[in-house]
Amino acid sequence: QHLDTQPVDVVVSSARMSELRGSEFLSLVRSLHPATVRLIVTDGGCMDSACKALYDAEVFRFLRRPCTSDELIHCIDQALDARGQRAQGEDEQRGAQHSKHAVLTAAFERALESMWIAFQPIVSHSRGQVCGYEALVRSNDSEIGNPGALFGVAEELERVPELDALI
């Protein structure tokens, strides 16, 4: 219940608990709170449980019973460091995605401002006369001036309906 009400950075579980095995509990923690780092304390007797903890729960570290309080504190410190590094990497990735989105948005806006349409006649060879026109979308923007790039950026920014309406 505590995990549902407050964010938790690290969970330490015994491999053997009364109602649920530690690996099952930590798998549940992983599914509900994937950013929470998971540790398990085991006596090393059950290899199946250790494998479940490693693969299903993605346990950060195993501690072998009996362990000292210093070992436990050191392991929790390592878990917190790992969580902090992972969070920092995720923040940097979000920042890079935001920056890329902003750059694409600015380029798309420039392309829309300088967009124009050329109508190229389609001539019937047999009749020797114009039978229709092909509309060619162009932009004077140097970054995304060609139609393929323009529509690709519109799709990436989820602004295709806006581009279609403008055309």
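Summary of the structure given here. (Residues numbered from 1 in each chain as written. Predicted model: local features only at pLDDT ≥ 70, side-chain atom pairs only at ≥ 80, totals over all residues. Heavy atoms only, no water.)

### What to know about the sheet that holds strand E2 (residues 37–42)
Strands pair in a sheet through their backbones, by hydrogen bonds, and they do so in one of two ways: parallel or antiparallel. Applied cut-off: Whether two strands pair depends on DSSP finding at least two bridges between them. Strands are runs of DSSP state E lasting at least two residues, helices are runs of H or I lasting at least four, and both sets are numbered from the N terminus onward. Angles here are taken between N-to-C directions and fall from 0 to 180 degrees, while the axes themselves are lines fitted to C-alpha atoms, restricted in helices to the stretch in contact.
On the basis of which strands lie adjacent, the open sheet formed by three strands has the order E1-E2-E3 and parallel pairing. Where the open sheet ends on each side, the last strands, each with one partner, are strand E1 (10–14) and strand E3 (61–64). When strand polarity is set aside, the average angle formed by the axes of neighbouring strands in this sheet is 25°. Strand direction decides the pairing type here: E1 and E2, joined by five bridges, are parallel. Bridge pairing in E2 links Val10 to Val37.

### Examining the nonpolar core
For the record, the criterion: In plain words, nonpolar cores are sets of buried Ala, Val, Leu, Ile, Met, Phe, Trp, Tyr and Cys residues tied together by side-chain atoms within 4.5 Å. For each residue, the accessible area found with a 1.4 Å probe, counting protein chains only, is set against the maximum for its type, and the residue is called buried under 20%, exposed over 50%, and partly exposed in between. In what follows, a contact means two residues having at least one pair of non-hydrogen atoms within 4.5 Å.
Core analysis: the biggest nonpolar cluster contains 13 residues, and Phe108, Met115, Ile144, Leu150, Val153 and Leu163 have the highest contact counts within it. For this core, the secondary-structure elements that each account for two or more residues are helix H4 (69–113) and helix H5 (147–156). In terms of residue count, H4 provides more of this core than any other element does, five residues in total. Ignoring anything within four residues of it in the chain, the contact list for Leu163 reads Phe108, Leu112, Met115, Leu150, Phe151 and Ala154.

### Considerations on the side chain of Ser124
Definition in use: Any pair of nitrogen or oxygen atoms within 3.5 Å is treated as a polar contact; in protein, a donor-acceptor pairing is required on top of that, and neighbouring residues in sequence qualify only through side-chain atoms on both sides.
With respect to the element layout, Ser124 can be found in strand E4 (residues 115–124). Owing to a relative accessible area of 12%, Ser124 belongs among the buried residues under this scheme. A polar atom in the side chain of Ser124 sits 3.3 Å from the backbone nitrogen of Arg127. With near-sequence residues (within four places) excluded, Ser124 lies in contact with Gln129 and Cys131.

### Topic: the pattern of salt bridges
Applied cut-off: Salt bridges are defined by distance alone: a side-chain nitrogen of Lys or Arg within 4 Å of a carboxyl oxygen of Asp or Glu.
By the definition in use, this model includes five salt bridges. Its salt-bridge partner being Glu143, residue Arg110 comes within 2.5 Å of it at the nearest N-O pair. You can see Arg110 sitting in helix H4 and its partner Glu143 sitting in the loop between strand E5 (129–139) and H5, a full 33 residues away along the chain. Where Glu162 meets Arg159, a salt bridge forms, and the shortest distance between an N and an O atom there is 2.8 Å. Overlapping salt bridges bring together Glu109, Arg159 and Glu162 as one network.

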